[in-house]
Amino acid sequence: MTEVLLTENIDGVRRITLNRPDSYNSLTVELKERLIEAFRSAAADNSVRAVVLTGAGKAFCAGQDLKEHISQLDSGDSTPMRTVEEHYNPLIRAITTLPKPVIAAVNGVAAGAGASIAYACDLRIAAENAKFVMSFADVGLSTDSGASWTLPRLIGYGRAMELLLLGEAVTAEAAERMGMVNRVVPRDEAVDNATELAGRMATGPTSAYARIKETMLAAAAEGLDETLAVEAGAQNQCGGTRDHREAVDAFVAKRSPEFTGQ
């Protein structure tokens, strides 16, 4: 049987590939469980210092597998949406709290939960042919996978509400203009570009990246005083790392630092 999820290690980068190309990498229970496991594994593996998430074939991820969902509805399942709590919520927490940078290489369409997963990543590299579609309302559903939290923080409340209510597709070029993605690259180059960027970050101060993610999450949910307290704690942690001392020594010696991630 074909593996629904592929992982590959490249010089400190773990590349995770959704591998259901015939179904535009739509999310089955099996794939969601494998994704959660993959991100938790990357978090626990000290040899992994950056992660790239992408999709096989022409799509990044078309969101929930509707064929599987329809079979659940037809079966009379009394809680067909429990996958939100069982799978999507843990997955988004695993991505956003991963103490290493996560880069989405959006190689094609990203729809529904697939787009939401890209928004949860720290950076997004989109191929010029990529499209983002918030298709929840089109199938009579509300948001999930953190979209109502992440998308307004990327592009603002008004634009996010427009996309969620109208479900109109956003091209890669438009996504870059509104801040939804960080970079747009030529067709078929998103994965290589994201992997190269992740490779650069894999040689960087991993602990500092982790603390930056921590402070950004806190700032998005807390007031100024609480955020200042989180920042102070994060700086105290970073100040005691080998990477901080190496960076200071390198600056004084006028050389490039060699970070170990510790």
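Above this text sits the structure in question.
The structure presented is a predicted model; accordingly, all values stated were derived computationally and were not measured.

Draft legend 1. Representation of the layout of surface pockets within the structure. Roughly 550 Å³ of internal volume is contained in the largest pocket. Together, 19 residues line the largest pocket, and Ala-120, Cys-121, Asp-122, Lys-213 and Met-216 are the ones closest to its centre. Where the lining of the largest pocket is concerned, the elements lending two or more residues are helix 4 (113-120), strand 7 (123-127), helix 5 (147-155) and helix 9 (206-221). The dominant element in the lining of the largest pocket, judged by the number of residues it contributes, is helix 9, at six residues. Its residues assigned to classes, the lining of the largest pocket shows 13 nonpolar, two polar and four charged. One number sums up the size of the second largest pocket: a volume of about 270 Å³. Lining the second largest pocket are 18 residues; nearest its centre among them are Gly-63, Gln-64, Leu-66, Val-139 and Leu-141.

Draft legend 2. View of the sheet that holds strand 8 (residues 131-133). Taken in spatial order, the four strands of this open sheet run 4-6-8-9, and their pairing is mixed. The sheet is open, and its two edges are formed by strand 4 (59-61) and strand 9 (170-171), each paired on a single side. Two strands pair when backbone bridges link them, and strand 8 and strand 9 are joined in this way by two bridges, in the antiparallel orientation. Note on strand 9: the bridge partner recorded for Phe-132 is Val-170. Where helix 4 meets the sheet, its contacts fall on strand 4, strand 6 (109-111) and strand 8, and the angle it forms with strand 6 comes to roughly 100°.

Draft legend 3. Highlighting the packing of helix 5 against helix 6 (residues 157-166). Relative orientation of the contacting elements helix 5 and helix 6 amounts to 130°, with a least axis distance of 7 Å. Between helix 5 and helix 6, the interaxial angle falls into the category oblique. Crossing angle aside, the handedness with which helix 5 passes helix 6 is right-handed. Across from Leu-151, Pro-152 and Ile-155 in helix 5, the residues of helix 6 making contact are Tyr-157, Arg-159, Ala-160, Leu-163 and Leu-164. Classifying every residue of the contact of helix 5 with helix 6 gives seven nonpolar, no polar and one charged.

Draft legend 4. Examining the pairing of strand 1 (residues 5-10) more closely. Bridge count for strand 1 against strand 2 (residues 13-18) is six bridges, and the pairing is antiparallel. Residue pairing across strands places Leu-5 opposite Leu-18, the latter belonging to strand 2. The turn joining strand 1 and strand 2, which pair antiparallel and follow one another in sequence, is formed by two residues; a positive phi near 50° is taken by Asp-11.

Draft legend 5. Structural view of a negative patch on the surface. On the surface, a cluster of negative charge is contributed by Glu-128, Asp-188, Glu-189, Asp-192 and Glu-196. Within the secondary structure layout, Asp-188 lies in the loop between strand 10 (183-185) and helix 8 (190-202). According to the relative accessible area criterion, Asp-188 is exposed, its value standing at 71%.

Draft legend 6. Examining the sheet that holds strand 1 more closely. The strand order across the open sheet formed by six strands is 1-2-3-5-7-10, and the pairing between neighbours is mixed. The open sheet has two free edges, formed respectively by strand 1 and strand 10, since each of these has just one partner strand. Neighbour to neighbour, the strand axes of the sheet diverge by 20° on average, direction disregarded.

Draft legend 7. Summary view of the packing of aromatic side chains. Per the counting criterion, the structure on display carries one aromatic pair. Plain terms: the ring middles of Tyr-119 and Phe-132 are 6.1 Å apart, the flat faces sit at 20° to each other, and that makes the pair stacked. Pair noted here: Tyr-119 is in helix 4 and Phe-132 is in strand 8, with a separation of 13 residues, a long-range link. No difference in accessibility class separates Tyr-119 from Phe-132, as the two residues are buried.

Draft legend 8. A look at the pattern of salt bridges. Per the stated rule, a full pass over the model turns up 10 salt bridges. Ionic pairing is found between Asp-45 and Arg-14, a salt bridge with its closest N-O pair at 3.0 Å. Highlighted residues: Asp-45 in the loop between helix 1 (29-44) and strand 3 (50-55) and Arg-14 in strand 2, separated in sequence by 31 residues. In this structure, the salt-bridge partner of Arg-20 is Asp-65, at a minimum N-O distance of 3.0 Å. A residue pair is termed long-range when its members are at least 10 positions apart, and Arg-20 in the loop between strand 2 and helix 1 and Asp-65 in the loop between strand 4 and helix 2 (66-74) qualify at 45 residues. Assigned by exposure class, Arg-20 and Asp-65 land together as buried.

Draft legend 9. Geometry of the side chain of Asp-65. Overall, the relative accessible area of 7% leaves Asp-65 in the buried class. A distance of 3.0 Å separates a polar atom in the side chain of Asp-65 from a polar atom in the side chain of Arg-20. Excluding residues that lie within four positions of it along the chain, Asp-65 makes contacts with Arg-20, Ser-26, Leu-27 and Thr-28.

What counts and how
Residues numbered from 1 in each chain as written. Predicted model: local features only at pLDDT ≥ 70, side-chain atom pairs only at ≥ 80, totals over all residues. Heavy atoms only, no water. 1 Å grid on protein atoms, 1.4 Å probe; cavity = no way out; pocket = protein on both sides within 12 Å on 5 of 7 lines; lining within 4 Å. Points joined across faces, edges and corners; volume = space filled by probe spheres on them. Helix = DSSP H or I, 4+ residues; strand = E, 2+ residues; numbered from the N terminus. Nonpolar A, V, L, I, M, F, W, Y, C, P; charged D, E, K, R; others polar. Pairing = 2+ DSSP bridges. Contact = heavy atoms within 4.5 Å. Axes fitted to C-alpha atoms, helices over the stretch in contact; angles between N-to-C directions. Parallel < 35°, antiparallel > 145°, perpendicular 65-115°, else oblique. Left-handed = near helix turned anticlockwise from the far one by under 90°. Patch = residues over 30% accessible without salt bridge, like charges linked within 9 Å, V, L, I, M, F, W, Y side chains within 5 Å. Areas by Shrake-Rupley, 256 points an atom, 1.4 Å probe, with all protein chains shown as cover. Salt bridge = Lys/Arg side-chain N within 4 Å of Asp/Glu carboxyl O. Lys, Arg positive; Asp, Glu negative; His and termini not counted. Charge placed at Lys NZ, Arg CZ, Asp CG, Glu CD. Buried < 20%, exposed > 50% of the residue type's maximum accessible area, 1.4 Å probe, protein only. Phe/Tyr/Trp six-rings, centres within 6.5 Å; stacked < 30°, edge-to-face > 60°. Polar contact = N/O pair within 3.5 Å; in protein donor to acceptor, adjacent residues only side chain to side chain.

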